[in-house]
Amino acid sequence: MSTLKDRLRADLTAAMKARDELRSGTLRMILTSVTNAEVAGKVAKELTDDEIIGVLSSEAKKRREAAVAFEEGGRPESAAKERAEAGVIADYLPQQLSPEEISKIVTAAVEQLDAAGAGPKAMGKVMGVVQPQVKGRADGAAVAAEVRRQLG
């Protein structure tokens, strides 16, 4: 069994004992998403830590997008709740890359592929090299924006 999943379950138990409703509710939702991912497809399987990080990343992204939508809709209390949940999820994600670190990784990939000045048509190739290096540690939209910027 994955150690991250064990940690999530142990933290859920601790949050329930501490009567921390935000944390316990968020951890329940995360564990439900992990279980859903495990039984999706034709054959149920145990997710690895990397796969669980992928689930956590998508859950965090959902919370960020919902918070923005609630802010735009004039519901700041709901936006604050979504941001708080995203904060709980962030505790289980690897340290996020800074914009400078993303820029360095993209620059290295562009040089490796000799894609400087190739324009948008080289975006797929560059993203293919960059994505495995930043998986779970950077927002895909931020990475894509940096690739677009460097390709001109």
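The numbers attached to residues start from 1 for each chain and follow its sequence in the written order. Thresholds applied to this predicted model are a pLDDT of at least 70 for local features of residues and 80 or more for the giving and counting of side-chain atom pairs; totals over whole chains, interfaces and linings are not thresholded and use all residues. To obtain the side-chain values, all non-hydrogen atoms of the structure were used and water was disregarded.

## Observations regarding unusual backbone geometry
Inclusion rule: Note on conventions: DSSP H or I runs of at least 4 residues are helices, E runs of at least 2 residues are strands, and numbering of each starts at the N terminus. Each residue is assigned to one of three classes by its accessible area relative to the maximum for its type, calculated with a 1.4 Å probe on protein chains only: buried under 20%, partly exposed between the two thresholds, exposed over 50%.
For Arg19, which is not a glycine, the phi torsion comes out positive at approximately 55°. Tracing the backbone shows Arg19 in the loop between α1 (3–17) and α2 (21–39). Since its relative accessible area comes to 74%, Arg19 is described here as exposed.

## Observations concerning the layout of surface pockets
Spelled out, the test is: In this analysis a 1.4 Å probe is tested at points of a 1 Å grid over the protein atoms alone, and where it fits but cannot get out there is a cavity; an open set with protein on both sides within 12 Å along at least five of seven lines is a pocket; lining residues have an atom within 4 Å of a point. Grid points are joined across faces, edges and corners, and a volume is the space filled by probe spheres set on the points. Classes in brief: Ala, Val, Leu, Ile, Met, Phe, Trp, Tyr, Cys and Pro nonpolar; Asp, Glu, Lys and Arg charged; the others, Gly included, polar. These domain boundaries are the output of an automatic or database domain assignment.
In this structure, the largest pocket occupies an estimated 470 Å³ of space. Lining the largest pocket are 21 residues, with Ser57, Gln96, Gly136, Arg137 and Ala138 sitting closest to its centre. The element best represented in the lining of the largest pocket is helix α3 (residues 49–72), accounting for eight residues. When its residues are assigned to classes, the lining of the largest pocket shows eight nonpolar, seven polar and six charged. Residue assignment places the lining of the largest pocket across two domains, with domain 1 (3–91) and domain 2 (99–151) each supplying three or more.

## Let's talk about the pattern of salt bridges
It is possible for side chains of opposite charge to pair when their charged atoms get near one another. Definition in use: Within this document, salt bridges are pairs made up of a side-chain nitrogen of Lys or Arg and a carboxyl oxygen of Asp or Glu, the two lying within 4 Å of each other.
By the definition in use, this model includes 14 salt bridges. Linking Glu51 and Lys45 is a salt bridge whose minimum nitrogen-to-oxygen distance equals 2.7 Å. Glu51 sits in the partly exposed class, given a relative accessible area of 30%. Lys45 sits in the partly exposed class, given a relative accessible area of 43%. Of the charged contacts, one joins Arg83 and Glu71 as a salt bridge, the two residues approaching to 3.3 Å between their closest N and O atoms. Separated by 12 residues along the polypeptide, Arg83 in helix α4 (residues 76–90) and Glu71 in helix α3 bring together distant segments of the chain. A residue is classified by how much of its surface remains accessible, and Arg83, at 44% relative accessible area, is partly exposed. Overlapping salt bridges, with partners in common, bring together Glu59, Lys62, Arg63, Lys81, Glu82 and Glu85 in one network.

## Concerning the packing of α3 against α4
Filter applied, for reference: Here, axes are lines fitted to C-alpha atoms. For helices the fit covers the stretch in contact, and angles between N-to-C directions go from 0 to 180 degrees. Relative orientations are named as follows: roughly parallel for angles under 35 degrees, roughly antiparallel for angles over 145 degrees, roughly perpendicular for angles from 65 to 115 degrees, and oblique for any other angle. Here a crossing is called left-handed whenever its near helix is offset anticlockwise from the far helix by less than a right angle, and right-handed whenever the offset is clockwise. By the convention used here, residues are in contact when the closest approach between their heavy atoms is within 4.5 Å.
Interhelical geometry of α3 versus α4 gives an angle of 160° and a closest axis separation of 8 Å. The pairing of α3 with α4 is recorded here as roughly antiparallel in orientation. Our pair here, α3 against α4, has a crossing hand that is left-handed. Residues Leu56, Glu59, Ala60, Arg63, Ala66, Ala67, Phe70 and Glu71 of α3 form the contact with α4, whose participating residues are Pro76, Ser78, Ala79, Glu82, Arg83, Glu85, Ala86 and Ile89. Taken together, the residues of the contact of α3 with α4 break down into nine nonpolar, one polar and six charged.

## Here we look at the domain arrangement of the protein chain
Here the protein chain is described as being made up of domain 1 (3–91) and domain 2 (99–151). Distance between the C-alpha centres of domain 1 and domain 2: 28 Å.

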